[in-house]
Amino acid sequence: MLTGREQQILGWIRANPSISQQEIADRAGISRSSVSVHISNLTKKGAILGRQYVLSDRSYVVVVGATNMDVAGKPDGVPTPRDVTPGAIVVSPGGTARNVAHNLTLLGTSTKLVTALGEDARARELSEGCRGLGIDLKGSVTVPGGTTSTCVFILDEHGNMSQAIADMGILEGLTPNVLERRLDLIDRAAACFVDTNISRESLRFLAEHVNVPLFCDPVSISKAAKLSGLLGHFHAMKPNALEAEALTGVSIHDERSLELAAQRLLDTGLDQVFISLGADGLLCAEQDRTLRLPSYSANVVSATGSGDAMMGAIIWAYLEGKDLEGTCSAGLAVAAISVESASTVNPSLTAGTVRQRMAQPGTVGTPLSAGPPAQAGTA
């Protein structure tokens, strides 16, 4: 038997099968999460068959987190401490979430970015850039009087990050209440990515309420701590080795400890784990398979943003239906393409260039544990 509230909600759904949960919440004067509970009960009671009325459009990915203006300086040679070193400075759009969205868009995936921007010139430039790429910003928020995130990178002579300073306080504007009003947008998507630049409370809210596959990059050792107790809610995680140590408590110093860290992460409930090893490649793991793949050759100009490029590729490969090895190969291929540009995101990235890089010889993964033999992903 249906309750009065359930009958009321069912009537609204019958009248408008495409009605969103937020619209129902607004009409009923209750929270969106309460509506979700009522919908679940209606499904269990057989009054509605699934939730297709809120999942009719699954052709896009929602990306939640940081959008920055990046300022990267690379010296012409070995820098001298406490002195001015000649070199090149590149100013470009950045931020983990924005970079992931940018890479996904270049790979042909429709992307909606949920971020926080200020009311300054940097916000206008970043917004115009996103719209020019086709990234949807309708779910983002403008913080009155806020200062748009900025990150300053100092690279070494090899293009690797030496130091960085980030001013990202504006992301506190992505509160659980703000994200709750965007849950319908997220739950209509094929997947959602979130970075750890948002608050722990907001991460917890998304982890506990999002109903589509959820991907995450820990971003840094310190920010990885925000994920404590939440890992099992995610579909896939892409830490580097130091972040994996912080998440698991395992000291990674050889293949055995690397594999142990991956298993510890899988034991939390994660479906897939990708541990980035920089120039040493990528460890990829799911419950019945663990692989170590080498990096692709690349002419390194700047490594800034390569991890975000890899994350975008992992999500793209998921949407393409690739297996574990195909996903790892795609991640490494996009990372290699990424470092060949001075910009945070290589503008020449396309799905075609990724497939070409993936076809290079010498990229077969090495099984690290028992399980079925790996199968190469299709192009």
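These figures come from a predicted structure and were not determined experimentally.

1. Quick look at the environment of Asp-271
Examined against the element boundaries, Asp-271 turns out to sit in the loop between helix H11 (255-267) and strand S12 (272-276). Here the alpha-carbon distance between Asp-271 and His-235, two residues 36 residues apart in the chain, equals 5.1 Å. Residue contacts for Asp-271: discarding those within four places in its chain leaves Phe-234, His-235, Leu-266, Ala-285, Glu-286 and Gln-287.

2. Regarding the sheet that holds strand S7 (residues 150-155)
Read across the sheet, four strands follow the order S3-S2-S7-S8 without closing on themselves; strand pairing throughout is mixed. Every other strand in the sheet has two partners, leaving strand S3 (87-94) and strand S8 (161-167) as the edge strands with one partner each. The sheet shows a mean angle of 15 degrees between the axes of neighbouring strands, direction not considered. Where strand S2 (residues 68-75) meets S7, five bridges bridge the pair, whose relative direction is parallel. Within S7, the position partnered with Met-69 by the bridge is Thr-150. Each of S2, S3 and S7 touches helix H5 (residues 121-133); the most contacted strand, S2, lies at about 90 degrees to it.

3. Comments concerning the pattern of salt bridges
Scanning the model with the defined rule gives six salt bridges in all. A salt bridge links Arg-357 to Glu-340, with the shortest nitrogen-to-oxygen separation between them at 3.0 Å. Of this pair, Arg-357 sits in helix H14 (residues 351-358) while Glu-340 sits in the loop between helix H13 (324-338) and H14, placing them 17 residues apart in sequence.

4. Description of a nonpolar patch on the surface
Together, Val-152, Ile-154 and Ile-165 line one region of the surface with nonpolar side chains, adding up to about 280 Å² of accessible area. Given a relative accessible area of 65%, Ile-165 falls into the exposed group.

5. Things to note about the confidence of the model for the chain
In this model, the chain carries an average pLDDT of 87, and 92% of its residues clear a pLDDT of 70 or more. A low-confidence stretch, residues 51-58 (pLDDT under 50), is modelled with 27 contacts involving residues beyond four sequence positions or located in other chains.

6. As for the packing of aromatic side chains
The final tally for this structure, using the stated rule, is one aromatic pair. Relative to Tyr-318, the ring of Phe-215 lies with its centre 5.4 Å away and its plane at 65 degrees, an arrangement referred to as edge-to-face. Placement of Phe-215 in strand S10 (residues 214-217) and of Tyr-318 in helix H12 (residues 306-320) is noted, with a sequence separation of 103 residues between them. Here Tyr-318 falls in the partly exposed class, since its relative accessible area comes to 31%. The lysine or arginine in question, Lys-112, covers the ring of Tyr-60, its NZ or CZ lying 4.7 Å from the ring centre.

7. A closer look at the packing of helix H2 (residues 21-28) against helix H3 (residues 32-44)
As a packed pair, H2 and H3 sit with axes 8 Å apart at the nearest point and diverge in direction by 105 degrees. Relative to H3, the element H2 is oriented roughly perpendicular. The residues of H3 that touch H2, namely those facing Gln-21, Gln-22, Ile-24 and Ala-25, are Arg-32, Val-35, Ser-36 and Ile-39. Broken down by class, the residue content of the contact of H2 with H3 amounts to four nonpolar, three polar and one charged.

8. A short note on the environment of Asp-70
Checked against the element boundaries, Asp-70 lands in strand S2. Overall, the relative accessible area of 3% leaves Asp-70 in the buried class. Distance from Asp-70 to Thr-3, taken between C-alpha atoms, is 53 Å for residues 67 residues apart in sequence. The residues touching Asp-70, leaving out its near neighbours within four places in the chain, are Val-90, Val-91, Ser-92, Pro-93, Gly-94, Gly-95, Cys-151, Phe-153 and Thr-344. A polar atom in the side chain of Asp-70 sits 3.4 Å from the side chain of Thr-344.

9. Some thoughts on unusual backbone geometry
A positive phi angle, near 60 degrees, is found at Arg-82, a position not held by glycine. Among the structural elements, Arg-82 can be located in the loop between S2 and S3. We classify Arg-82 as exposed; its relative accessible area is 91%.

10. Regarding the pairing of strand S1 (residues 60-64)
For S1, the buried fraction is high: five of the five residues fall into the buried class. When S1 meets strand S4 (residues 110-114), the two strands line up parallel, connected through five bridges. Across the sheet, Tyr-60 pairs through a bridge with Ser-110, a residue of S4. Looking at chain direction, S1 and strand S9 (residues 191-195) are connected through four bridges and run parallel.

11. With respect to the state of the cysteines
What the rule picks out here adds up to one disulfide. Each disulfide pairs two cysteine sulfurs, and for Cys-284 the partner residue is Cys-328, the sulfurs being separated by 1.8 Å. Taken together, the residues span a long stretch of sequence, with Cys-284 in strand S13 (residues 282-286) and Cys-328 in helix H13 at a distance of 44 residues. The exposure class assigned to Cys-284 is buried, which follows from its relative accessible area of 0%. Cys-130 carries a free sulfur, and the closest cysteine sulfur to it, the one in Cys-192, is 16 Å from it.

12. Examining helix H4 (residues 96-106)
Judged by how many residues are buried, H4 sits mostly within the fold: ten of eleven residues are covered. At the exit of H4 stands Gly-108, carrying a positive phi of roughly 95 degrees.

Thresholds applied
- Along each chain, residue indices are assigned from 1 in the same order as the chain's sequence is written.
- Only residues with pLDDT of at least 70 are given local features in this predicted model, and only at 80 or more are side-chain atom pairs given and counted; all residues enter the totals for whole chains, interfaces and linings.
- Side-chain measures were taken over the full set of non-hydrogen atoms in the model, leaving aside hydrogen atoms and water.
- The secondary structure listing takes helices from DSSP runs of H or I that are at least 4 residues long and strands from runs of E that are at least 2 residues long, numbered from the N terminus.
- Here a residue-residue contact requires only that any non-hydrogen atoms of the pair lie within 4.5 Å.
- One requirement defines pairing of two strands: DSSP has to find at least two bridges between them.
- Angles run from 0 to 180 degrees between N-to-C directions of axes, and those axes are lines fitted to C-alpha atoms, restricted for helices to the stretch in contact.
- Every case where a carboxyl oxygen of Asp or Glu lies within 4 Å of a side-chain nitrogen of Lys or Arg is listed as a salt bridge.
- Like-charged residues within 9 Å of one another, or nonpolar side chains (Val, Leu, Ile, Met, Phe, Trp, Tyr) within 5 Å, are grouped into patches, provided each residue has over 30% relative accessible area and no salt bridge.
- Calculation of accessible area relied on Shrake-Rupley with a 1.4 Å probe; when residues are assessed, cover is drawn exclusively from the protein chains displayed.
- Any residue under 20% of the maximum accessible area for its type is buried, any over 50% is exposed, and the rest in between are partly exposed; the area is computed with a 1.4 Å probe on protein chains only.
- Residue-level confidence of the predictor, termed pLDDT, takes values from 0 up to 100.
- Stacked, tilted and edge-to-face are the three classes assigned to paired rings of Phe, Tyr and Trp, where Trp is represented by its six-membered ring and a pair needs centres within 6.5 Å; plane angles under 30 degrees give stacked, over 60 edge-to-face, the rest tilted.
- As a reminder, the over-ring test applies to NZ of lysine and CZ of arginine, requiring each to be within 6 Å of the ring centre and within 35 degrees of the ring normal.
- Throughout, the term roughly parallel applies to angles under 35 degrees, roughly antiparallel to angles over 145, roughly perpendicular to angles from 65 to 115, and oblique to all others.
- Each residue gets one of three labels, nonpolar for Ala, Val, Leu, Ile, Met, Phe, Trp, Tyr, Cys and Pro, charged for Asp, Glu, Lys and Arg, and polar for the others, Gly among them.
- By the criterion applied in these results, polar contacts are pairs of N or O atoms within 3.5 Å in which, for protein atoms, one can donate a hydrogen and the other can accept it, and in which residues neighboring in sequence qualify only through two side-chain atoms.
- Two cysteine sulfurs form what is called a disulfide whenever their separation falls within 2.5 Å.

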